[in-house]
Amino acid sequence: MKQLTALSFLIIITSCSSLSPYKVPIYQGNIFEDEDIEKLEQGLSKDQIQFIFGTALIKNPFRDSRWEYFNSVKIGEEIVAENKLSIFFSEDGLVERWILEEFSSED
């Protein structure tokens, strides 16, 4: 009986020690998806861009022709993905072009 109890205790201890706690993904910044990027086109106004992506994370107060959107996904101590979207506007306040940079932990 003691051997069975000791064996059960040993199995429980070894199985629990191999488990790691669940690490919640932490999303930071402006979360945008491929569907949002597909909505981008030249000629959209700043109001339309703000409706699609929300308030830009970085707006230069001296040069309002560029808005920056950034997001990251972190699980535990590891950054799984980072995305940076730069949108450039013309003097009329319409989208001229954009640059999407995607970084992942595999790079």
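What counts and what doesn't
Residues numbered from 1 in each chain as written. Predicted model: local features only at pLDDT ≥ 70, side-chain atom pairs only at ≥ 80, totals over all residues. Heavy atoms only, no water. Helix = DSSP H or I, 4+ residues; strand = E, 2+ residues; numbered from the N terminus. Contact = heavy atoms within 4.5 Å. Core = buried A, V, L, I, M, F, W, Y, C linked by side-chain atoms within 4.5 Å. Buried < 20%, exposed > 50% of the residue type's maximum accessible area, 1.4 Å probe, protein only.

J.: Would you mind going over the environment of Trp98 with me for this structure?
T.: The topology assignment puts Trp98 in strand E5 (residues 95–104). Sequence separation of Trp98 and Phe88 is 10 residues, and the distance between their C-alpha atoms is 5.9 Å. Residues in contact with Trp98, not counting those within four places in the same chain, are Leu40, Glu41, Gln42, Leu85, Ser86, Ile87 and Phe88.

J.: Can you walk me through the nonpolar core in this structure?
T.: Note on soluble globular proteins: their nonpolar side chains tend to be buried together. Core analysis: the largest hydrophobic core is formed by 13 residues, its most contacted members being Ile49, Phe53, Tyr69, Leu85 and Ile87. Looking at this core, the elements that each hand over two or more residues are helix H3 (46–53), strand E3 (66–75) and strand E4 (78–89). Looking at which element gives the most residues to this core, the answer is E4, with three residues. Setting aside residues no more than four positions away along its own chain, Leu85 makes contact with Phe32, Ile37, Leu40, Phe53, Trp67, Glu68, Tyr69, Trp98, Ile99 and Leu100.

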